[in-house]
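Structural overview for review
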Amino acid sequence: MGMEKHHVEDPWASESLYPPDILQKLDFSKSPAIFKPKISAAQPGEDWIVVRPLQRSDFDKGFLQLLSQLTSTGNITRKQFDERFTQMKASGGYYVTVIEDTRVAKIIGAATLTIEQKFIHNCSLKGRLEDVVVNDTYRGKQLGKLIVVTVSLLAQELGCYKMALDCKDKLIKFYESLGYKMEPGNSNAMNMRFDDPS
Ligand SMILES: CC(C)(COP(=O)(O)OP(=O)(O)OC[C@H]1O[C@@H](n2cnc3c(N)ncnc32)[C@H](O)[C@@H]1OP(=O)(O)O)[C@@H](O)C(=O)NCCC(=O)NCCS
């Protein structure tokens, strides 16, 4: 019997938040976004770029450090991360999607689709785009477009009748180029703020 080592993926670490196959079949020609050169979730242009669902091991791949480029995350422990992952997966409707640079095993981009179940519009589903971020040293290389178009097509694939987002004024043009529209008389984001736990 040989004693050679086999690389065995830890099934816990590589557990995905949602089934990864669905990203492979997204049709990027349905998006008005222009990619030069042409890329997609299945073919992101470089062999070291992977677009996939969040995995438990992303705690060790800098996922939370990436999110901290967007907003305050607080000091999240591995246990807290794991519990939140488990809860999101169990409740369904959470599609946290990431881009990994596999050369360095680091998460370099992320966006979340959440799906709300409705009674209106004949028991419809509505998507929300949340927490879009690309690592600052990787910006300007189409990865922002790639992750946003990925989760937007995913929303359509999962049967949402629309996808909504809130953004900073300076990003309106970015999102318009990806198919989002300001709706006159219906584009005011309002918030009521409570205690920030972080
Ligand atoms: C917004 C963000 C995700 C874009 O990522 P990126 O990888 O640089 O985006 P891309 O390379 O795909 O750029 C796409 C286009 O948007 C433009 N763009 C990107 N970021 C922009 C910004 N902050 N302001 C204005 N335009 C921007 C680019 O110039 C590019 O235009 P082009 O296609 O005409 O050349 C990234 O800048 C980021 O993480 N910002 C900080 C977090 C944030 O603000 N998130 C969004 C909250 S609503």
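Further up the page is the structure itself.
A short tour of the structure in this document, coming up. For clarity, every value in this text was computed on a predicted model and none was experimentally measured. (Residues numbered from 1 in each chain as written. Predicted model: local features only at pLDDT ≥ 70, side-chain atom pairs only at ≥ 80, totals over all residues. Heavy atoms only, no water.)

Focus on the nonpolar core
To keep things clear, this is the line we draw: Throughout, nonpolar core names a set of buried Ala, Val, Leu, Ile, Met, Phe, Trp, Tyr and Cys residues whose side chains join them through atoms within 4.5 Å. Relative accessibility decides the category of a residue: with a 1.4 Å probe and only protein chains considered, values under 20% of the type maximum give buried, values over 50% give exposed, and everything between is partly exposed. Secondary structure elements are taken from DSSP: a helix is a run of H or I of four residues or more, a strand is a run of E of two residues or more, and numbering for both begins at the N terminus. By definition in these notes, contact holds between two residues if any of their heavy atoms fall within 4.5 Å.
Phe63 and Leu129 are the most contacted members of the largest nonpolar core, which totals 51 residues. Of all elements in the fold, only helix H1 (21–24), strand E1 (49–53), helix H2 (63–67), helix H3 (78–91), strand E2 (94–101), strand E3 (106–117), strand E4 (125–134) and helix H5 (143–157) reach the threshold of two or more residues within this core. Here Leu129 is in contact with Ala111, Thr112, Val148, Val151, Met163, Ala164, Leu165, Tyr175 and Tyr180, once residues within four sequence places are set aside.

Comments concerning unusual backbone geometry
Omega for the bond connecting Lys36 with Pro37 falls within 30 degrees of zero, at -5 degrees, which places this linkage in the cis form. Examined against the element boundaries, Pro37 turns out to sit in the loop between H1 and E1. Even without glycine at this site, His121 takes up a positive phi of about 55 degrees. Positionally, His121 belongs in helix H4 (residues 120–123).

Brief notes about the pattern of salt bridges
Worth spelling out the cut-off: Salt bridges are defined by distance alone: a side-chain nitrogen of Lys or Arg within 4 Å of a carboxyl oxygen of Asp or Glu.
Overall, the coordinates contain 13 salt bridges when judged by the stated rule. One salt bridge in this structure joins Arg52 and Asp58, with 2.7 Å as the shortest N-O distance. Overall, the relative accessible area of 0% leaves Asp58 in the buried class. Via salt bridges that share partners, Glu15, Arg56, Asp82 and Lys89 belong to a single interconnected network.

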